[in-house]
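# Results of the structural survey
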Amino acid sequence: MALCIAGKTYRFRVHNVGISTSLNFRIEGHNLLLVETEGRYTSQQNFTSFDIHVGQSYSFLVTMDQNATKDYYIVASARFVNESVWQRVTGVGVLHYSNSKGPVTGKIQQQVELGRTPKGLFHYGSINVTETYVIRSLPPFRINGKRLATLNGISFVNPDTQIRLADLHHVKGAYKLDFPSKPHDTTPKMDRSIINATYRGFVEVIFQNNDTKIQSFHMDGYAFYVVGMDFGLWTESSRSSYNKWDAISRSTTEVYPGGWTAVLISLDNVGVWNLRVENLDRWYLGRETYMRIVNPEENGKTELPPPDNVLYCGALKSLQKE
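Residues numbered from 1 in each chain as written. Predicted model: local features only at pLDDT ≥ 70, side-chain atom pairs only at ≥ 80, totals over all residues. Heavy atoms only, no water.

## What to know about the overall build of the protein chain
A tally of regular secondary structure across the protein chain gives 3 helices and 23 strands. Classification of the 322 residues of the protein chain by burial places 48% in the buried group. Excluding contacts between residues fewer than 6 apart, the proportion of contacts in the protein chain whose partners are at least 24 apart in sequence is 78%. Of the roughly 16,400 Å² that the protein chain leaves accessible, carbon and sulfur atoms contribute 52%. On the protein chain, the mean spot of the 34 positive side-chain charges and the mean spot of the 30 negative ones are 3 Å from each other. (Helix = DSSP H or I, 4+ residues; strand = E, 2+ residues; numbered from the N terminus. Buried < 20%, exposed > 50% of the residue type's maximum accessible area, 1.4 Å probe, protein only. Contact = heavy atoms within 4.5 Å. Areas by Shrake-Rupley, 256 points an atom, 1.4 Å probe, with all protein chains shown as cover. Lys, Arg positive; Asp, Glu negative; His and termini not counted. Charge placed at Lys NZ, Arg CZ, Asp CG, Glu CD.)

Spelled out as structure tokens, the structure:
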């Protein structure tokens, strides 16, 4: 139960920390004023309900402006599931005015408004794109007898030696810099392929979801601008529908089944960063890769050395301190 005082405004920070299911959040009878997502301010918009996908978080300002004759439902219900599942997994709380005269009444309704895309405040549309990656996901299938999930036909295998440590110690063959920039109709495989990105580049990444379920994609170390989203196959002409003015900057975005989502990323953070699906039933099957970003003129200012307690393994296990 959330105890509130009539006339006051409260901040509700809502996270979807689940592993597979999108949620619709709402507070009966109250508007949700969206003000932040994943640490970034948004253009303020009012909603009566909002879809929150796996790994995403939002802040809403909610004003206690309703009649205190009763309490109100706070609801988080599953999206894109059948009715029996919806009824079984709906989370319910109560918004209680300090001067409330009665309990909540009536049945819990399904979402009353489809969640829309939030808007950001930074204008990035004039920056030239330096590289484009179209990353396709398909339903899981068997590779060498194992049920696996892929990105561009590759199910990622974690290297025995950490990628950046392999660079620093000149270990050859720990990983491959051959992740394809677009999908090819080749035989799927297990591999250690990662993206060789360019420091200070401005890249376009299209997540093409040819799987059967909605997915959330996340990139460590970065926020990106979500500029486009639609159903069908992405083509170069799809760029005409991009939002080049006020897309939100965030680190996790949803991609609907049979659709695509386009993001723009400014590569100003040196390192090796995980790019993955947040839905655990696909991630653990290999639906991930890494983006390697190295400053060719590194002088110790854009990348710190490994900490004293770094763990060495694989080809570098002999360096491990007791």
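## Observations regarding the sheet that holds strand β21 (residues 259-266)
Spatially, β10-β16-β21-β18-β19 is the arrangement adopted by the 5 strands of the open sheet, whose pairing is mixed. A strand with exactly one partner marks an edge of an open sheet, and here the two such strands are β10 (131-137) and β19 (249-250). The sheet contact formed by strand β18 (residues 224-231) and β19 spans 2 bridges and is antiparallel. Its bridge partner being in β19, F224 is matched across the sheet by R250. (Pairing = 2+ DSSP bridges.)

## Things to note about the sheet that holds strand β8 (residues 72-78)
The pairing of strands in a sheet comes from backbone hydrogen bonds and takes either a parallel or an antiparallel form. Strand order in the open sheet made by the 5 strands is β1-β9-β8-β3-β6, with mixed pairing throughout. Strands with a single pairing partner mark the edges of an open sheet, and in this sheet they are β1 (2-4) and β6 (50-52). Pairwise comparison of adjacent strand axes, ignoring direction, gives a mean angle of 20° for this sheet. Pairing of strand β3 (residues 23-27) with β6, which is carried by 3 bridges, proceeds in the antiparallel orientation. Bridge pairing in β6 links F25 to F50. (Axes fitted to C-alpha atoms, helices over the stretch in contact; angles between N-to-C directions.)

## Quick notes on the side chain of S193
As for its placement among the helices and strands, S193 is situated in the loop between β14 (189-191) and β15 (195-198). Side chain to side chain, S193 and D178 meet in a polar contact 2.6 Å long. (Polar contact = N/O pair within 3.5 Å; in protein donor to acceptor, adjacent residues only side chain to side chain.)

## Details of the packing of aromatic side chains
Applying the stated criterion across every chain yields a total of 11 aromatic pairs. Their ring planes at 25° and their centres at 6.1 Å tell us that Y58 and F60 sit as a pair that is stacked. In terms of burial, Y58 and F60 fall into one category: buried. Centre to centre, the rings of Y72 and Y97 are 5.9 Å apart; their planes meet at 55°, and the pair counts as tilted. Taken together, the residues Y72 in strand β8 and Y97 in strand β9 (residues 91-97) connect sequence positions 25 residues apart. The exposure class of Y72 is buried, given its relative accessible area of 7%. Look at Y97 and you get buried, because its relative accessible area is 0%. (Phe/Tyr/Trp six-rings, centres within 6.5 Å; stacked < 30°, edge-to-face > 60°.)

## Description of the pattern of salt bridges
In total, this model carries 18 salt bridges according to the counting rule given. We note a salt bridge from R13 to E36, for which the minimum N-O separation is 2.4 Å. Note that R13 is positioned in strand β2 (residues 9-15) and E36 in strand β4 (residues 32-37), a separation of 23 residues in sequence. Classification of R13 by relative accessible area gives partly exposed; the value is 36%. You can call E36 buried: its relative accessible area is 9%. Between D167 and R292 there is a salt bridge whose closest N-O contact spans 2.9 Å. Of the two residues, D167 is situated in helix α2 (residues 163-168) and R292 in strand β23 (residues 288-294); the sequence distance between them amounts to 125 residues. Connected through shared salt-bridge partners, D211, K213, D281, R282 and R287 make up one network. (Salt bridge = Lys/Arg side-chain N within 4 Å of Asp/Glu carboxyl O.)

## Topic: unusual backbone geometry
The phi angle at N152 is positive, at roughly 50°, despite the residue not being glycine. Taking the relative accessible area as the measure of exposure, N152 reaches 4% and is therefore buried. Its identity as a non-glycine residue notwithstanding, R200 has a phi of 65°, on the positive side. Note that R200 resides in the loop between β15 and β16 (202-209). The exposed category is assigned to R200, whose relative accessible area is 68%.

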